[in-house]
Amino acid sequence: ITRMRFQWDWLCLGLLIISSAPAEIENEEVLGSDVEAEDFDKQSEEADVDKEESSLGVVYQTPKPTGEVYFTETFDGALTGWVLSKAEKDNIAKYDGRWEVEGLKENTVPGDRGLVLKSVAKHHAISSMLTKAFIFDNKPLIVQYEVNFQEGIDCGGAYIKLLSSSDDLNLEYFFDKTPYTIMFGPDKCGEDYKLHFIFRHKNPKTGEYDEKHAKRPDADLKKFYLDKKTHLYTLVLKPDDTFEMLIDQSVVSKGSLLEDMVPPVNPPKEIDDPAAKKPDDWDERPKIPDPNAVKPDDWDEDEPRQIEDHDAVKPEGWLDDEPQFVPDPNAKKPEDWDEEKDGEWEAPQIYNSKCATVPGCGLWVRPMKNNPKYKGKWKAPMIPNPKYQGIWTPPKIPNPDYFEDPHPFEMTPVSAVGLEIWSMTSDIYFDNFIVCSEKEVADRWAADGWGLKKLVASANEPGMFSQLMTAAEDHPWLWVLYILTLALPVGLGVLFCWPAKKTYEDFDFQKTDTSMADTGGEIKQEREELEDDEIDLEEIENKDTAKDVCVCSVFQHSSVYKIQLISPAENEGEDGEDIDEEENEVVDGSQEEGDKSGSEDEMKVADENTGSGDGPLKSVRKRRVRKD
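Residues numbered from 1 in each chain as written. Predicted model: local features only at pLDDT ≥ 70, side-chain atom pairs only at ≥ 80, totals over all residues. Heavy atoms only, no water.

Looking at an unreviewed UniProt entry, one finds the chain named CLGN protein and attributed to Penelope pileata. In UniProt, the chain has this text filed under Sequence similarities (unreviewed entry): "Belongs to the calreticulin family." Check the Subcellular location (unreviewed entry) section of the UniProt entry for the chain; it says "Endoplasmic reticulum membrane". (UniProt positions renumbered as here; feature names shortened; annotations may be inferred.)

> Tell me about the state of the cysteines, residues and numbers included.
As enumerated under the stated definition, the model contains 2 disulfides in all. In this model Cys-155 forms its disulfide with Cys-189; the gap between the sulfur atoms is 2.1 Å. Handedness of the Cys-155-Cys-189 disulfide follows from its S-S torsion of about -95 degrees: it is left-handed. Here Cys-189 lies in strand S13 (residues 180-189) and Cys-155 lies in strand S11 (residues 155-157), a separation of 34 residues in the sequence. A relative accessible area of 18% places Cys-155 in the buried class. The connectivity of the disulfides in the chain is 1-2, 3-4, where the numbers refer to bonded cysteines in sequence order. (Disulfide = S-S within 2.5 Å. Helix = DSSP H or I, 4+ residues; strand = E, 2+ residues; numbered from the N terminus. Buried < 20%, exposed > 50% of the residue type's maximum accessible area, 1.4 Å probe, protein only.)

> Residue-level account of the packing of aromatic side chains, with values.
According to the stated counting rule, one finds 17 aromatic pairs in the structure shown. Ring centres of Phe-197 and Phe-243 lie 5.2 Å apart, and the angle between their planes is 50 degrees; on these two criteria the pair is classed as tilted. Taken together, the residues span a long stretch of sequence, with Phe-197 in strand S14 (residues 192-202) and Phe-243 in strand S17 (residues 242-247) at a distance of 46 residues. No difference in accessibility class separates Phe-197 from Phe-243, as the two residues are buried. (Phe/Tyr/Trp six-rings, centres within 6.5 Å; stacked < 30°, edge-to-face > 60°.)

> Can you explain helix H5 (residues 439-448)? Please cite residues and give values.
For H5, the full list of buried residues reads Val-441, Ala-442, Trp-445 and Ala-446. Here the buried residues of H5 occupy an arc of 135 degrees about the axis, which is enough to place them on one side. Looking at the buried positions of H5, the neighbouring elements they touch are strand S3 (69-73), strand S10 (141-149), strand S16 (231-237), strand S29 (428-436) and helix H6 (450-459). (Arc of directions from axis to C-beta. Contact = heavy atoms within 4.5 Å.)

> Summarise unusual backbone geometry; cite the residues concerned and give the values.
Most peptide bonds take the trans configuration, and most residues that are not glycine carry a negative phi. Going from Val-262 to Pro-263, the amide bond is cis rather than trans, its omega being -10 degrees. Of note, Pro-263 is situated in the loop between strand S19 (261-262) and strand S20 (270-272). Positive phi values are uncommon outside glycine, yet Phe-75 reaches one of about 65 degrees. Here Phe-75 is to be found in the loop between S3 and strand S4 (82-84). Positive phi, normally seen in glycine, also occurs at Asp-248, with a value near 55 degrees. Here Asp-248 is to be found in the loop between S17 and strand S18 (250-256).

> Could you give me a rundown of the pairing of S17, with the residues and numbers involved?
Across the 6 residues of S17, 5 count as buried, placing the element largely inside the fold. When S16 meets S17, the two strands line up antiparallel, connected through 5 bridges. Each bridged residue has a counterpart across the sheet, and for Leu-237 the counterpart in S17 is Phe-243. The hairpin turn running from S16 into S17, its antiparallel successor, is 4 residues long, and Asp-241 in that turn takes a positive phi close to 65 degrees. Alignment of S17 against S18, held across 6 bridges, turns out to be antiparallel. In the sheet register, Met-245 faces S18, and the bridge partner there is Ser-253. Turn length for the S17-S18 hairpin, with the two strands adjacent in sequence and antiparallel, is 2 residues, and the turn residue Asp-248 shows positive phi of about 55 degrees. (Pairing = 2+ DSSP bridges.)

> Mind laying out the nonpolar core, listing which residues take part and the relevant values?
In this structure, Ile-182, Phe-197, Leu-237 and Phe-430 are the most contacted members of the largest nonpolar core, which totals 50 residues. The element that contributes the greatest number of residues to this core is S10, accounting for 5 residues. If sequence neighbours within four positions are ignored, Ile-182 has contacts with Phe-136, Leu-141, Ile-160, Lys-161, Leu-162, Phe-197, Ile-198, Phe-199, Leu-235, Leu-237 and Met-411. By size, the runner-up hydrophobic cluster in this structure holds 11 residues, among which are Ala-125, Tyr-159, Leu-163 and Ile-198. (Core = buried A, V, L, I, M, F, W, Y, C linked by side-chain atoms within 4.5 Å.)

> Lay out the pattern of salt bridges with the relevant residues and their values.
Under the criterion given, the structure shown has 26 salt bridges. A salt bridge links Glu-68 to Lys-132; the shortest N-O distance between them is 2.6 Å. Taken as a pair, Glu-68 in the loop between strand S2 (59-61) and S3 and Lys-132 in strand S9 (residues 122-134) lie far apart in primary sequence, 64 residues in all. For Lys-132, a relative accessible area of 37% gives the class partly exposed. With a closest N to O distance of 2.8 Å, Asp-192 and Arg-216 form a salt bridge. (Salt bridge = Lys/Arg side-chain N within 4 Å of Asp/Glu carboxyl O.)

And the structure:
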């Protein structure tokens, strides 16, 4: 019973897993069929649309900040406040890349638009002033915006610059050398996927600015550049000199401005003495050739590395007189061939067809083999250098440029945001910029904008079956996993549900109410074949008296096992001596002992009533006895 319950539990579990997969596929297909992105009407794009209902029944509303902010931009209305750069980069290239305000190509949220980079292999620059300048004092700085690489990305960036406050800041001449305080965002070229966080730190001693780069995140960023989905990038700078970088509201990197920037904000207190020089007699060699070693007399440096194999024999059928390559008989000299200028024309060489069916053509040369006598140039063995002094390092001196900035968070104030980008891929989508100090404000802003994009993208994703097929195209080894997954429940169903042949164990033996009378004084015999390794032996259990006798004979081919149970009354002799309770007699046939273990057991059970038909009642119960 326990075994059957275990089998049924596994079968039910397998059926549950199988049934859940089609249900999920069906649900996703229904959801995907109900959600289809609606095409934008160009006239509605030019209008100032605040609300519009999507096919999901979700009404898009232009996000509005819920607290104090320094800058916000949704691009849903008129593009006001943004300035295209008229500058030239390095006095060579102009910032003539084209920008457009439009909706997403895929997973469109009706009514939502963004700023899209449209040109390839051109410099783009656009900027806008903050509502009010951000001063780094006792409030955190949070910079957040959305990016979608709609065509993937080959080489280019999508980072934002927070431009430093200054009296001569002119957005019309914004270019790569315009001073900035922070640069943050994704960047990729080749197989190098980056998430930049750079800030310009002012040296308190010299007044010069140095760029400090955050260490590379440990997370795998590749999927954010290639999945053509809108992703949310967030930078959080705190007054305790720590930072966090998040993608889709998950932290991918965090650290300290004092410890996790390259180069470090604060220079070392000591530096190597630039005037120090290594002494001429300083020995940095840990090992040297043994000066006492001598080349052995039998060492021959002139032996070549390989020699001809004199045991090799030219293959039978080798054509010595046939060249391996012959002139192409179908080739013709070009009509414009000038032998005075081009020289004598020769037909191009092709492989000799006669050599295709033989071991080879042309002059046969013996193959080369390694020379067993080759030892190469002799070198003395290396021994530890007794004069080894270690690797020389210059002595340390106090760093004359040392300074300590305990709070690098106190950076140069910022008063504008800008995008200064060169890209080999077009249709890079930007949307929903916000600069604030409260994380709750940024999260609410993300929920009203990026959250809806994520919802629509999830609804438009293909069903599970399509995703599995797409994954198998990229990774063919998944087909093996799919086949095993489908074969497992089928195998379990066949194993547990297929009707099995009934064995001797499947019969239920009941106790008999009365003993059967022996009318002829003979023992009725019955044989059954057993498929397991157990023998059933009938045991007499006398309810009223212990005088009944049962003789059970077990037949196993030619060997007979006879077990006689004697009643307690017969167990005692006239002189009071006890007779053995059980008397076993074994009659062995001609079959050898080694054949018993592999044969099927046969049993003969006989119930005998030694008295007449009026004898006492008996009950029989099942008993199992091992062969051995």
